[in-house]
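Below are the chains, spelled out letter by letter.
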Amino acid sequence: MDIVQMRGITKRFGPVVANDHIDFNLRKGEIHALLGENGAGKTTLMRILYGLYRADEGEILVEGWPVRINSPKDAIALGIGMVTQHFALVPPLTVAENVVLGFTDGFVLEKATIEQRVAEAAKRFGLEVDPSAVVRHLSVGQRQRVEILKALYREARVLILDEPTAVLVPQEIDALFETLERLRAGGLSVIFITHKLEEVMRISDRVTVLRDGRVVGTVETARTNERELARMMVGRETFGVRREERAVGEQPLLQVERVCAEDDQGLPALKEVSLVVHAGEILGIAGVGGNGQKELAEVLSGVRRPTSGRILVDGQDLTGATPDEFTAAGVGRIPEDRHAGVVGELSVAENLALEYLEEFARGGMLDREAIRRHAEELIQRFQIKARATDRARTLSGGNLQKLILARVLSRDPKVVLASQPTRGLDVGATEYVRQQLLAQRARGAAVLLISEDLDEILALSDRIAVMYEGEIVGVLPAQDADPERLGLMMSGAVKERQGAYAEV
Amino acid sequence: MLRFKIEKTGAPVWMRSLIPVFALLVTFLITSGLILWGQANPIQAYYYFLIAPLTSRVSALEVLVKSTPLILSGVAVTFAFVAGYYNIGAEGQLYAGAIAAAWLGTVLGGLPPALAIPIMLLGGFIAGALWALTPALLRVKLAVDEVVTTLLLNSVMLFIVSALLNGPWRSPVSGWPQSPEIAPSTVLPKLIPRSRLHLGFVVAVLSVVVLWFVLSRTVFGLKMRAAGLGREAARFAGVNVGRTMLIAALISGGIAGIVGVSEVAGIHFHLIEEISPGYGYTGILIATLGALNAWGVAAAALFFGLIDTGTQTLSHAMGVPIYLGEVTQATMLLVTLAMLLLQNYRIRRV
Ligand SMILES: Nc1ncnc2c1ncn2[C@@H]1O[C@H](COP(=O)(O)OP(=O)(O)OP(=O)(O)O)[C@@H](O)[C@H]1O
Ligand SMILES: [Mg+2]
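Residues numbered from 1 in each chain as written. Chains lettered and ligands numbered in written order. Predicted model: local features only at pLDDT ≥ 70, side-chain atom pairs only at ≥ 80, totals over all residues. Heavy atoms only, no water.

**Comments concerning the sheet that holds strand E19 (residues 415-419) of chain A**
All names here are of chain A.
Step number 1: Strand order in this open sheet of six strands is E16-E19-E20-E13-E21-E22, and the pairing throughout is mixed. Each edge of the open sheet carries a strand with a single partner, namely strand E16 (331-334) and strand E22 (471-477). Taking each pair of neighbouring strands and ignoring which way they run, the sheet shows an average axis angle of 15°.
Step number 2: Each of E16 and E19 is contacted by helix H13 (residues 397-409), which is oriented at about 175° to E16, the strand it contacts most. (Pairing = 2+ DSSP bridges. Helix = DSSP H or I, 4+ residues; strand = E, 2+ residues; numbered from the N terminus. Axes fitted to C-alpha atoms, helices over the stretch in contact; angles between N-to-C directions. Contact = heavy atoms within 4.5 Å.)

**As for the packing of helix H6 (residues 113-142) of chain B against helix H7 (residues 146-166) of chain B**
Axes are the key here: two packed helices are described by the angle between their axes and the distance separating the axes.
Residues and elements named next belong to chain B.
Step number 1: Where H6 contacts H7, the two axes come as close as 10 Å, and the packing angle between them is 155°. For the element pair H6 / H7, the angle class is roughly antiparallel. As H6 packs across H7, the resulting crossing turns out to be right-handed. On H7, the residues touching Trp131, Pro135, Leu138 and Arg139 of H6 are Glu146, Thr149, Thr150, Leu153, Val156, Met157 and Ile160.
Step number 2: Here the residues of the contact of H6 with H7 sort into seven nonpolar, two polar and two charged. (Parallel < 35°, antiparallel > 145°, perpendicular 65-115°, else oblique. Left-handed = near helix turned anticlockwise from the far one by under 90°. Nonpolar A, V, L, I, M, F, W, Y, C, P; charged D, E, K, R; others polar.)

**A short note on the domain arrangement of chain A**
Residues and elements named next belong to chain A.
Step number 1: Each domain of chain A was delimited in the assignment, giving domain 1 (2-234) and domain 2 (252-330 + 413-490).
Step number 2: In this structure, domain 1 and domain 2 have C-alpha centres spaced 31 Å apart.
Step number 3: Facing the 18 residues of domain 1 at the interface are 16 residues of domain 2.
Step number 4: Between domain 1 and domain 2 the total buried area reaches about 1400 Å² when both faces are included, carbon and sulfur atoms providing 57% of it.
Step number 5: There are zero salt bridges connecting domain 1 and domain 2.
Step number 6: Along the contact surface separating domain 1 from domain 2 lie zero residue pairs in polar contact (both at pLDDT 80 or more).
Step number 7: Residues that form the side of domain 1 that touches domain 2 fall into these classes: eight nonpolar, six polar and four charged. (Domains from an automatic or database assignment. Buried area = accessible area lost by both parts, 1.4 Å probe. Salt bridge = Lys/Arg side-chain N within 4 Å of Asp/Glu carboxyl O. Polar contact = N/O pair within 3.5 Å; in protein donor to acceptor, adjacent residues only side chain to side chain.)

**What about the sheet that holds strand E3 (residues 31-36) of chain A?**
Residue and element names in this part refer to chain A.
Step number 1: Pairing in this open sheet of six strands is mixed, and the strands run E6-E7-E8-E3-E9-E10 from one edge to the other. Strands at the two margins of the open sheet, each flanked by one partner only, are strand E6 (80-83) and strand E10 (214-220). In this sheet, adjacent strand axes meet at a mean angle of 15° when their direction is disregarded.
Step number 2: Packing against the sheet, helix H6 (residues 170-185) makes contact with E3, strand E7 (158-162) and strand E8 (189-193), and its axis sits at approximately 150° to E8.
Step number 3: Helix-sheet contacts for helix H8 (residues 226-234) involve E3, strand E9 (206-211) and E10, and the interaxial angle to E9 is about 30°.

The structure is reproduced here in structure tokens:
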């Protein structure tokens, strides 16, 4: 029995056909993976189902009945819940308030009651969150959990998850999958968007693959394999990246010395963090989200001031410098939240130029021709699916990330600071980004890679530092690291002697 | 029974471009009720409003005279709003410029106009910018909400003007609260003989061109837009958001100061308390109506100037209260804003 049927769905954005006559069926009690490259139209299709966009053509049936879904409110009333790529939480409110927002029975909000109810729900669904925490202070991973809880709290029968695992660490993914399996047994139907084939194989019952806005096919997971899915997605075989062993340079390009910093609440977030990254080296920072990685990246970007300690880039003291001073000193920064890295209302070309405006100026005037040429060159070189004049906010998640990469890497920075650089990217693009980071390493840049994806850390890093509660609890050379050992360190169970490798 | 449902969907392009026309029609329908209540004929009233001022050379020029401070105020407010700085203080900054003009006008008498007038304009700009400085610094350094501070400073400025006019500057001859007349060489020259249209109009037109040029063609304009549209991302990209806002606020205050110069040296030739009927606030309406776009702001200001002129003829000819003009302007703004919002929805029968 199909709980949701989408028939002949077409959606155009100007000349772009994001969805081209898509047929999609969701069975009751199945986990249905939706797969496709960046810009294939996955998010668009789901936004239509959730009432955020209106299809130009096509119809939707829920439990066999034709329905009109004009707003998320309609979708929620039909038992459809969605967790979007970009969260829809109110940052100054608490977790509990966010969860019940718009879904309260009475008029009066009793803080203790709702917190207790939300805590119960969180426990029932196996999602670990503190109901009284203020959302603004949560990490991306924690916010995701609140979003999932919010949908489940609204008694969703159909749950749409747009790249939920992109922000989770392995243990959290395991927990999420357990939760999903439990909920599936209870009759919940799940649409699961991901770029990770291994997850598709693990959790889904069926897979629908989209390419360029069209359905390539729907297959039973049990009757397919990763290779076939990858071929359906990109139309060719893909290969993982391989880091070739090579000698790391001598020259320390990034030196972080006993840096302390506070988080937004004024609590210590970084405790005496010391790191060295050499020319031609990738230092991976592993750790569960919310252990100070965000603050570390911000301190090294000039967005957050350290309370003590020193930061040296190629010998130059940049402690407390501004973002443009970091850029000028040769630090290229790929931010964790890509929406914080671009101005959505400005065009792709303007965003690409924003960080280096001096170069596109002639006596204070914009050289618009140069800005356009620069944008077109980067769009081509980094395979961004967009036009130079498009507003950045209309780009798909992956293309937005490519835009930021293009802005940073085209500059041959001395130090590359990459936070979650492949989160939300499809296999092809992930491979591409990783190759780019390796190319930076080969070129002699110092790369600091902050990632919650252990596979990524293990595949790329020369050395791996583990962060736990704002401290570097250990630094391992890549050949000594394996997922189990890192996992234990990330959970705080094992502490390698601080400094043993960090100063090397 | 028929049932209707509202759904979200963008309006077609042709409909978007007709929004000003629709807004005008709806405004007409709404205000007609009021005009009928005032026992006048709406069609005739609207003839006086929109057409009559353009039928004679004298009143057409008067529309431009009335538009001069409105254009400048709209441009002033736009400069700040684009950068995400909500300057509600254009009214006070205008008076700061007017005080500067009234003072400079009496001391620069010895200079030739070619020298005196640029100094007047510059002086007004600096005075307005200085009056805008404190709230801007508070905003940038201490994150004090500029909406509150700029608004409060408007009242402070009115007291200063009143103190000046009832104290040192009170006319010794008549005893009225009115500053001494400015020297002839500091008067803004007439553009057309036997009309009130003065050099201020040229300055206003220039300010529109400057606004357009700065926003779309300069590095600083892009920084302003980035700061206004996405503060965090702009900061991340190395734009000094605080400095950008500060400069935008000072330019905004400076242009508002020029409104004061234009009114003192172009129209009144002395300072009185009633020099502005709220141009600084109307500037906010105009900037909003013009969607923070240079040409939109110019069009909105000209339209407001037309209605201002029309209301006077109207109240002479038909004896309806002069407030009708303001009611129409406010209605127009609300209707346009509502339409900009509603164009994203459509009503369907279900
Ligand atoms: N609001 C919009 N305006 C214009 N174009 C849009 C808009 N939303 C999406 N698009 C375009 O539609 C296409 C499909 O985008 P969509 O976000 O559905 O991709 P996706 O499959 O979710 O990609 P990703 O994996 O990167 O998230 C892209 O080319 C995108 O640029
Ligand atoms: Mg997407």
